[in-house]
Amino acid sequence: MLSGTIMMADGTSFPHSVLTIIISLSLHTGMVGLMGTATLTKKRMGYTNTKLHGMIAWAGLMSSYAGFYVIYQNKNTMGKDHYTTLHSKAGLAVLVGSTMLGMAGGVFLHPDFGIDKQNGLIRTGHKFASRGMLGLAWLATLSGLQTLIGEDDVKGLLFFAAPLVLAAPFTLL
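What you see is a predicted model; the values in this text were computed from it and never measured.

Draft legend 1. Geometry of the overall build of the chain. Helix and strand content of the chain: 5 helices and 2 strands. When the helices and strands of the chain are placed in sequence order, the string is β-β-α-α-α-α-α. Of all 173 residues assigned to the chain, the portion counted as buried reaches 32%. Counting only contacts in the chain whose residues sit at least 6 apart along the sequence, the fraction spanning at least 24 positions is 59%. Looking at the chain as shown, the accessible area adds up to about 10200 Å², and 70% of this sits on carbon and sulfur atoms.

Printed below as a string of structure tokens:
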């Protein structure tokens with residue numbers, strides 16, 4: 001299931017399972033876990049929760065960029081092509097989309113200096129676009145698990161996907 005090694009730029013290698021855990025903690029937990037937590041924090045409303053929402057969301061995004069960097073460098077080291085799977089394309093779309101949403105949220109909706117923080121249309125657009133990004137992040141995670149586990153191991157995929165499915169109602173409502 002998680003065999004093989006991953007070569008690093010300096011010539012060292014890591015078991016695939018170890019790097020998978022590291023990447024999962026940074027990239028996937030960053031996108032789905034911290035972004036979902038940011039969503040739950042924002043639902044409580046108020047000045048402090050709005051600021052905390054932004055900080056948690058940006059921490060998740062920075063964590064995701066760290067995981068992206070590791071994956072990108074590993075592909076370069078191994079001489080493999082980039083962006084060839086649904087997982088990689090969805091993940092890249094999430095990184096770009098979440099960055100744009102974070103910048104728009106900071107510029108327009110920041111509670112201290114947002115230039116249009118009371119605009120209901122911008123707030124609603126930010127809310128639903130962010131939910132779309134979370135959905136796309138789940139797609140990227142599930143398609144990555146499917147690639148890792150294999151298309152035939154449906155039970156394994158369901159086992160690893162269960163936390164995402166259980167978290168969905170709390171972050172998307």
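Draft legend 2. View of the packing of helix α2 (residues 47–78) against helix α3 (residues 86–109). Their axes nearest at 11 Å, the elements α2 and α3 cross at an angle of 150 degrees. Of the possible angle classes, the one that applies to α2 and α3 is roughly antiparallel. The hand of the α2/α3 crossing is left-handed. Contact with α2, carried on its side by Trp58, Leu61, Ser64, Tyr65 and Phe68, involves Leu92, Leu95, Ser98, Thr99, Gly102 and Met103 of α3 and no other residues of that element. Its residues assigned to classes, the contact of α2 with α3 comprises 7 nonpolar, 4 polar and no charged.

Draft legend 3. Up close: the environment of His126. The topology assignment puts His126 in helix α4 (residues 120–149). In this structure His126 comes out as buried when scored by relative accessible area, which is 18%. The spacing of His126 and Phe108 is 18 residues in sequence and 9.9 Å in space, taken between C-alpha atoms. Residues within four places of His126 in sequence aside, it is in contact with His53, Leu101, Gly105 and Leu109.

Draft legend 4. Spotlight on the pattern of salt bridges. Per the stated rule, a full pass over the model turns up 1 salt bridge. With a closest N to O distance of 2.9 Å, Asp112 and Lys51 form a salt bridge. Of the two residues, Asp112 sits in the loop between α3 and α4 while Lys51 sits in helix α2, which places them 61 residues apart along the sequence. Owing to a relative accessible area of 38%, Asp112 belongs among the partly exposed residues under this scheme.

Draft legend 5. Region of interest: the environment of Leu92. With respect to the helices and strands, Leu92 occurs in helix α3. In this structure the C-alpha to C-alpha distance between Leu92 and Phe68, which are 24 residues apart in sequence, comes to 8.6 Å. Beyond its immediate chain neighbours, meaning those up to four positions away, Leu92 contacts Phe68 and Tyr83.

Draft legend 6. View of the packing of aromatic side chains. The final tally for this structure, using the stated rule, is 1 aromatic pair. For the ring pair Phe68 and Tyr72, a centre distance of 5.8 Å and an interplane angle of 35 degrees mean the geometry is tilted. Pair noted here: Phe68 and Tyr72 are both in helix α2, with a separation of 4 residues, about one helical turn. Relative accessible area serves as the criterion here: at 24%, Phe68 is assigned to the partly exposed category.

Definitions and cut-offs
Residues numbered from 1 in each chain as written. Predicted model: local features only at pLDDT ≥ 70, side-chain atom pairs only at ≥ 80, totals over all residues. Heavy atoms only, no water. Helix = DSSP H or I, 4+ residues; strand = E, 2+ residues; numbered from the N terminus. Buried < 20%, exposed > 50% of the residue type's maximum accessible area, 1.4 Å probe, protein only. Contact = heavy atoms within 4.5 Å. Areas by Shrake-Rupley, 256 points an atom, 1.4 Å probe, with all protein chains shown as cover. Axes fitted to C-alpha atoms, helices over the stretch in contact; angles between N-to-C directions. Parallel < 35°, antiparallel > 145°, perpendicular 65-115°, else oblique. Left-handed = near helix turned anticlockwise from the far one by under 90°. Nonpolar A, V, L, I, M, F, W, Y, C, P; charged D, E, K, R; others polar. Salt bridge = Lys/Arg side-chain N within 4 Å of Asp/Glu carboxyl O. Phe/Tyr/Trp six-rings, centres within 6.5 Å; stacked < 30°, edge-to-face > 60°.

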